[in-house]
Amino acid sequence: QSLAGSSPASSAMAEKVLNLRKKIEKKLINGTFSISWETPSFYSNPGRKYFSWTVIILAISGGVMIFLTQDILMAIFLILASLVLILYSKKLPEISKISISQNGVAIGDKIYFYKDLRSFWIHYDPGEVKELSLELRKWHMPYLKILIEKENPVAIRSFLIKFLKEKEHENSLI
């Protein structure tokens, strides 16, 4: 249905608007409410055109350093770095089952209890990757990033706000 005087473009845009009045759908599992979905373990962008150029430049610069500067250690480092990047780019993400319940956040078989978490933040910019960021109390692993994909970020936020404080997390390379 379109409104009188509205264009097809405006009606298509209205379909993309998130309805905040819609009831939050929670599932009752084992006597507790939970939200669950399946998602890849990391964001994979197969169309990275600059990535292959970076690997090629690293490998060539490593080869050139062997002949020009006789710095074999740096050349070996650059060649190994390019090999690691090649291996990492071939890795495909695994599909993980995510479940947020009253006990904590479960990723596959691993559960993160709310007492082990400091805060959460949902990074959501339209057209960008939606992800849930959890701040852990561990010094060696400060953040846990979970792709939300097609899930309702408002429903996830309204569920987590009962158990964790909401604090904006900086986007980082890790």
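Residues numbered from 1 in each chain as written. Predicted model: local features only at pLDDT ≥ 70, side-chain atom pairs only at ≥ 80, totals over all residues. Heavy atoms only, no water.

Asks: So what exactly am I meant to see when it comes to the overall build of the protein here?
Replies: Scanning the protein for helices and strands turns up four helices and nine strands. Of all 174 residues assigned to the protein, the portion counted as buried reaches 26%. Carbon and sulfur atoms make up 61% of the accessible area of the protein, which amounts to about 12,900 Å² in all. (Helix = DSSP H or I, 4+ residues; strand = E, 2+ residues; numbered from the N terminus. Buried < 20%, exposed > 50% of the residue type's maximum accessible area, 1.4 Å probe, protein only. Areas by Shrake-Rupley, 256 points an atom, 1.4 Å probe, with all protein chains shown as cover.)

Asks: Quick question: what am I supposed to make of the sheet that holds strand β9 (residues 165-166) here?
Replies: Picture the strands of a sheet paired through backbone hydrogen bonds; they go either parallel or antiparallel. If you trace the four strands from one edge of the open sheet to the other, you get β8-β7-β6-β9, paired in mixed fashion. With partners counted over all chains shown, the strands left at the sheet margins are β8 (143-147) and β9, one partner each. Of the strand pairs in this sheet, strand β6 (residues 117-123) and strand β7 (residues 131-136) are connected by six bridges, and their pairing is antiparallel. Residue pairing across strands places Ser119 opposite Glu135, the latter belonging to β7. (Pairing = 2+ DSSP bridges.)

Asks: Mind showing me how you'd approach the side chain of Ser82 here?
Replies: Counting through the fold element by element, Ser82 comes out in helix α3 (residues 72-90). Not counting the four nearest positions on each side in its chain, Ser82 is found in contact with Val55, Leu58 and Ala59. (Contact = heavy atoms within 4.5 Å.)

Asks: Hey, could you run me through the packing of aromatic side chains in this one?
Replies: Two aromatic rings are characterised by how far apart their centres lie and by the angle between their planes. Overall, the coordinates contain two aromatic pairs when judged by the stated rule. Centroid distance Tyr114 to Phe163: 4.6 Å. Interplanar angle 5 degrees. Geometry classified as stacked. Taken together, the positions of Tyr114 in the loop between β5 (110-113) and β6 and Phe163 in the loop between α4 (153-160) and β9 put the pair 49 residues apart, joining distant regions of the chain. The exposure class of Tyr114 is buried, given its relative accessible area of 11%. (Phe/Tyr/Trp six-rings, centres within 6.5 Å; stacked < 30°, edge-to-face > 60°.)

Asks: Is there a simple way to explain the environment of Ile86 in this structure?
Replies: If you trace the backbone, Ile86 turns up in helix α3. When the C-alpha atoms of Ile86 and Phe51 are compared, they prove to be 9.3 Å apart, with 35 residues separating the residues in sequence.

Asks: Would you take a moment to explain the confidence of the model for the protein for this structure?
Replies: Reading predicted coordinates in detail is not appropriate for stretches of low pLDDT. On average, the protein scores 75 in pLDDT, and the residues at 70 or more come to 75%. Between residues 10-14, whose pLDDT stays under 50, and residues either more than four places distant or in other chains, the model counts zero contacts. Counted against residues more than four places away or in other chains, residues 19-26, with its pLDDT under 50, gives seven contacts. (pLDDT = per-residue confidence, 0-100.)

Asks: Teacher, can you tell me more about the environment of Ser36 here?
Replies: With respect to the helices and strands, Ser36 occurs in strand β2 (residues 32-40). Ser36 sits in the buried class, given a relative accessible area of 14%. The spacing of Ser36 and Ile107 is 71 residues in sequence and 9.8 Å in space, taken between C-alpha atoms.

Asks: I would appreciate a short explanation of the pairing of strand β4 (residues 104-107) in the present structure.
Replies: Looking down a regular strand, the side chains alternate between one sheet face and the other. For strand β3 (residues 95-101) and β4, the ladder comprises three bridges, and the chain directions are antiparallel. Across the sheet, residue Ile100 finds its bridge partner in β4, namely Val105. In sequence, β3 turns back onto β4 through a hairpin of two residues. Pairing analysis gives four bridges linking β4 to β5, with the strands arranged antiparallel. When the sheet's bridge partners are listed, Ala106 is paired in β5 with Ile111. Here β4 folds back onto β5, and the loop between the two strands holds two residues, one of which, Gly108, carries a positive phi near 65 degrees.

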